[in-house]
Amino acid sequence: MIDRLRQILTEYFTRAIAGWDQFWFTPQWPHLLAILRIGCGLMLLYSHLIWAADLSGFMGPDAWIGPELSGRLHDGTFGYNDAGFSYLWWVESSSLLWLHHTLVILVTLAMTVGFATRITVPLAWFFQIMIIHRMTGMLFGLDQIVTYMTMYLALAPCGSIFSVDAWLRGRLAERRGDSGAIAWLLPGTQPSVAAGVATRLLQIHLCVIYLFGGLAKARGETWWDGTAVYYALVSYEYQSFDLTWIVNWPRLFSFLSLLTLFWEIFYVALVWPRVTRPIVLGMAMMVHGGIALFLGMMTFGSMMMLANLIFVPPPLIARLLGSGDAVVGSTPESRESDLETKIADYERRKARLRSKEALYRERVDRLKRREQKIKDLVDRKKKLDNESDDQLGNESDLDLG
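Residues numbered from 1 in each chain as written. Predicted model: local features only at pLDDT ≥ 70, side-chain atom pairs only at ≥ 80, totals over all residues. Heavy atoms only, no water.

Draft legend 1. Local environment of the overall build of the protein chain. Summing up its helical and strand segments, the protein chain has 18 helices and zero strands in all. For the protein chain, buried positions account for 38% of its 401 residues. Accessible area of the protein chain: about 24,000 Å², with a carbon and sulfur share of 64%. (Helix = DSSP H or I, 4+ residues; strand = E, 2+ residues; numbered from the N terminus. Buried < 20%, exposed > 50% of the residue type's maximum accessible area, 1.4 Å probe, protein only. Areas by Shrake-Rupley, 256 points an atom, 1.4 Å probe, with all protein chains shown as cover.)

See below:
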């Protein structure tokens, strides 16, 4: 019994560890991450250009919210102590501020077009952190979304395709060969563990955002009584089109409110199964598309739709972008890596099948032993019945005598 329990626990933990390794460390194609890099880069570039329209008003020494006021707003005096460090608090020269912001725009542009992404993507994230820590009080969801996406993209070879880096790698590889420096600075288009880890982190972070966003909504009354969507659509602060006609359809906006609440809370569970994933992602596109079109938040809605693409399988993206090895960026090294991944997956499946086979064999043996016990009991019962009949017959003969 103890040996059997030990075997069951060993098999369980072996499968759990194999599943954990497969979830995190399965190499992934970088195509989807490259698309996210371009989208994030464009949105960051847009934000920096908007701030450049009145840079002194946003971040200068005479800004609307100066360093001193920003510190007081977030040092715990009026709420939580959530102030973050930024060297921009001490930049008082307008010329230096403009020089810095120009550098930020150039780095962001390089990230977008995919130039030196191993350096420019982490730099773009660092500059973004410094700016949003300084811009406290003038931020909203868009800034949070592009910041977390850029952070995870910095971990992955997101510039290995659809980029200047990919073009440079092809040119330099022809002249100098595939040296170590080139391989790191200009990574090839092939499945990698780094791309897989970045993909998983982006997926989990998005699930956390939806879960806590849904739980926060559930604390209010308007999402439960069905009026939340109505108030959002008729608010003149966000309204892009006249949607006051929805007041004549109370069941419609009540249904949309409850459906949105359910979708946001259970996104974390329903987005992983293949059966429910298309439904969940389709609702995400409708919800955020509606926010972009009808509530005037085009940038936020667009970025959230882009963020949801992280759950589209990278091989599907690679196939949709073309056909053949040339399009998916296949090289002998990538094919070898892909083959190794398939072999490892095959070995894991074979191990699981062998484990199941051992369990089935043990069950069959157990059933056979049980069947033999039942057969022995039946034979014993028959024997006892025969002995009882013989005894009754003998007693009958004695009575007759």
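Draft legend 2. A look at the confidence of the model for the protein chain. Looking at the protein chain, pLDDT values average 85 and 89% of them are 70 or higher. Here residues 323-334 scores under 50 on pLDDT; set against residues more than four positions off or in separate chains, the count is 22 contacts. (pLDDT = per-residue confidence, 0-100. Contact = heavy atoms within 4.5 Å.)

Draft legend 3. Region of interest: helix α6 (residues 117-134). Over its 18 residues, α6 runs 25 Å from end to end, which matches the ideal 26 Å to within 8%, given 1.5 Å per residue. Listing the buried residues of α6 in full gives T117, T120, V121, A124, F127, Q128, I129, M130, I131, I132 and R134. (Expected span 1.5 Å × (residues − 1).)

Draft legend 4. Inspection of the nonpolar core at higher detail. Grouped together as the largest cluster of nonpolar side chains are 64 residues, with contacts concentrated most on L33, M149, L206, Y267 and M303. In this structure M149 touches L36, C40, L202, M303 and A307, once residues within four positions along its chain are discounted. (Core = buried A, V, L, I, M, F, W, Y, C linked by side-chain atoms within 4.5 Å.)

Draft legend 5. Spotlight on helix α15 (residues 298-308). Here α15 lies mainly inside the structure; eight of its eleven residues are buried. Tucked inside the fold, the buried residues of α15 contact α2 (31-52), α7 (141-153), α10 (193-218), α13 (250-270) and α14 (277-294).

Draft legend 6. Main features of a nonpolar patch on the surface. Together, W245, W249, L252, F255, L256 and L259 give the surface a local cluster of nonpolar side chains, amounting to about 590 Å² of exposed area. Position of W249 relative to the elements: it lies in the loop between α12 (228-234) and α13. We classify W249 as exposed; its relative accessible area is 52%. (Patch = residues over 30% accessible without salt bridge, like charges linked within 9 Å, V, L, I, M, F, W, Y side chains within 5 Å. Salt bridge = Lys/Arg side-chain N within 4 Å of Asp/Glu carboxyl O.)

Draft legend 7. Unusual backbone geometry, seen in detail. Positive phi, normally seen in glycine, also occurs at A116, with a value near 50 degrees. Classification of A116 as buried rests on a relative accessible area of 15%. Despite not being glycine, F162 has its phi angle at roughly 55 degrees, a positive value. On the secondary structure map, F162 appears in the loop between α7 and α8 (164-176). A relative accessible area of 35% means that F162 is categorised as partly exposed.

Draft legend 8. Representation of the pattern of salt bridges. Considering all chains together, one arrives at three salt bridges under this definition. Taking the shortest distance from any N to any O, the salt bridge between E264 and K217 comes out at 3.1 Å. Separated by 47 residues along the polypeptide, E264 in helix α13 and K217 in helix α10 bring together distant segments of the chain. Owing to a relative accessible area of 8%, E264 belongs among the buried residues under this scheme.

Draft legend 9. Layout of the packing of aromatic side chains. Applying the stated criterion across every chain yields a total of 19 aromatic pairs. Taking the centre distance of 5.4 Å and the plane angle of 85 degrees together, the rings of F23 and W24 count as edge-to-face. Relative accessible area serves as the criterion here: at 14%, W24 is assigned to the buried category. Pairing F23 with W272 gives two aromatic rings, centres 5.7 Å apart and planes at 55 degrees, and the pair type is tilted. Residue F23 is located in helix α1 (residues 2-25), and its partner W272 is located in the loop between α13 and α14; the two are separated by 249 residues in the primary sequence. Among the residues examined, W272 registers a relative accessible area of 26% and is labelled partly exposed. Members of the aromatic cluster, each reached through a chain of ring pairs, are W20, F23, W24, Y210, W263, Y267, W272 and F311. (Phe/Tyr/Trp six-rings, centres within 6.5 Å; stacked < 30°, edge-to-face > 60°.)

Draft legend 10. Geometry of the side chain of S163. Note on placement: S163 falls in the loop between α7 and α8. Residue classification places S163 among the buried residues on the basis of a relative accessible area of 13%. Within the local environment of S163, its side chain forms a polar contact with the backbone oxygen of G159, the two atoms lying 2.4 Å apart. Within the local environment of S163, its side chain forms a polar contact with the backbone nitrogen of A166, the two atoms lying 3.1 Å apart. Among all residues touching S163, those that are not within four sequence positions of it are R37, V113 and G114. (Polar contact = N/O pair within 3.5 Å; in protein donor to acceptor, adjacent residues only side chain to side chain.)

Draft legend 11. A look at the packing of α2 against helix α5 (residues 94-113). Following both chains from N to C, one finds α2 and α5 inclined at 160 degrees, their axes separated by 8 Å at the closest point. For the element pair α2 / α5, the angle class is roughly antiparallel. The two elements α2 and α5 meet at a crossing, and its hand is left-handed. Here R37, I38, C40, G41, L42, L44, L45, H48, L49, W51 and A52 of α2 lie close against α5, whose contacting residues are W98, H101, V104, I105, T108, L109, M111, T112 and V113. Looking at the contact of α2 with α5 residue by residue, the classes come out as 14 nonpolar, five polar and one charged. (Axes fitted to C-alpha atoms, helices over the stretch in contact; angles between N-to-C directions. Parallel < 35°, antiparallel > 145°, perpendicular 65-115°, else oblique. Left-handed = near helix turned anticlockwise from the far one by under 90°. Nonpolar A, V, L, I, M, F, W, Y, C, P; charged D, E, K, R; others polar.)

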